[in-house]
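Summary of structural features
Here are the chains, one letter per residue:
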Amino acid sequence: MSKSATFVRHKAKPGRRDDVRRVWEKYARAYVGGNDGQLTYYYCYDDNDPDTVIVFQLATDQASGQEFVNQPWFADYQRETAALLAGPSEIRTATPQWVKGAA
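In what follows, the accompanying structure is described. Computed from a predicted model, the values in this text were never measured in an experiment.

Counted according to the given criterion, the structure contains 13 aromatic pairs. Seen from their ring centres, Y27 and Y77 are 6.4 Å apart, and the 70° between their planes marks the pair as edge-to-face. You can see Y27 sitting in helix α1 (residues 17–27) and its partner Y77 sitting in helix α4 (residues 74–82), a full 50 residues away along the chain. Relative accessible area serves as the criterion here: at 8%, Y77 is assigned to the buried category. Between F68 and W73, the ring centres sit 5.3 Å apart and the planes meet at 80°, which makes this aromatic pair edge-to-face. Under the relative-accessibility criterion, F68 is labelled buried at 11%. Residue classification places W73 among the buried positions, given a relative accessible area of 17%. Put simply, the rings of Y27, Y31, F68, W73, F74 and Y77 touch in pairs and so form one group of aromatic residues. Sitting over the face of the ring of Y45, R17 holds its NZ or CZ atom 3.8 Å from the ring centroid.

Quick look at the structure:
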């Protein structure tokens, strides 16, 4: 299985989580929705922390998963998001060994 998973945890400044989402929607939502290399993508609010966003994506391979950071708008997205965060985001990548429903 050559698929690649990415997990991202953003900790927003108090009360700024919706603002982080709006920046993501402004820059990334359309790209993610039209990217065939990203098989699944979940933008989630943490149920136990009102200032945390958790993102999970499953890509066809590691290169497809990394294309996000190579987009021409990424620097603006990163700059605008950073101003709303309490600290650096946590990013983890993983190689799935089994995925329900995957061939």
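Here the narrative resumes.
α4 packs onto α1 with a crossing angle of 170° between their chain directions and a minimal axis gap of 9 Å. By the criterion of interaxial angle, the relationship of α1 to α4 is roughly antiparallel. Contacts between α1 and α4 involve V20, V23, W24, K26 and Y27 on the former and, on the latter, D76, Y77, E80 and T81. In the contact of α1 with α4, the residues fall into five nonpolar, one polar and three charged.

We now examine the side chain of S4. By secondary structure assignment, the location of S4 is in strand β1 (residues 4–11). For S4, a relative accessible area of 8% puts it in the buried group. Once you skip the residues sitting within four places of it in the chain, S4 turns out to touch Q57, L58, A59, D61, Q62, A94 and P96.

Moving on, we get to the pairing of strand β2 (residues 38–45). In the sheet, β2 pairs with strand β3 (residues 52–59) via seven bridges, with the strands oriented antiparallel. Within β3, the position partnered with Y42 by the bridge is F56. With antiparallel pairing between neighbouring strands as the criterion, β2 and β3 make up a hairpin whose turn holds six residues.

Let us look at the nonpolar core. Counting 18 residues, the largest nonpolar core has V20, W24, Y43, F68, W73 and Y77 as the members making the most contacts within it. Contributions of two or more residues to this core are made by α1, α2 (29–34), β3 and α4. Ranked by residues supplied to this core, first place goes to α1 with four residues. Ignoring sequence-local partners within four residues, the contact set of W24 consists of R29, V32, Y41, Y43 and Y77.

Cut-offs used in this document
Residues numbered from 1 in each chain as written. Predicted model: local features only at pLDDT ≥ 70, side-chain atom pairs only at ≥ 80, totals over all residues. Heavy atoms only, no water. Phe/Tyr/Trp six-rings, centres within 6.5 Å; stacked < 30°, edge-to-face > 60°. Helix = DSSP H or I, 4+ residues; strand = E, 2+ residues; numbered from the N terminus. Buried < 20%, exposed > 50% of the residue type's maximum accessible area, 1.4 Å probe, protein only. Lys NZ or Arg CZ within 6 Å of the ring centre and 35° of its normal. Axes fitted to C-alpha atoms, helices over the stretch in contact; angles between N-to-C directions. Parallel < 35°, antiparallel > 145°, perpendicular 65-115°, else oblique. Contact = heavy atoms within 4.5 Å. Nonpolar A, V, L, I, M, F, W, Y, C, P; charged D, E, K, R; others polar. Pairing = 2+ DSSP bridges. Core = buried A, V, L, I, M, F, W, Y, C linked by side-chain atoms within 4.5 Å.

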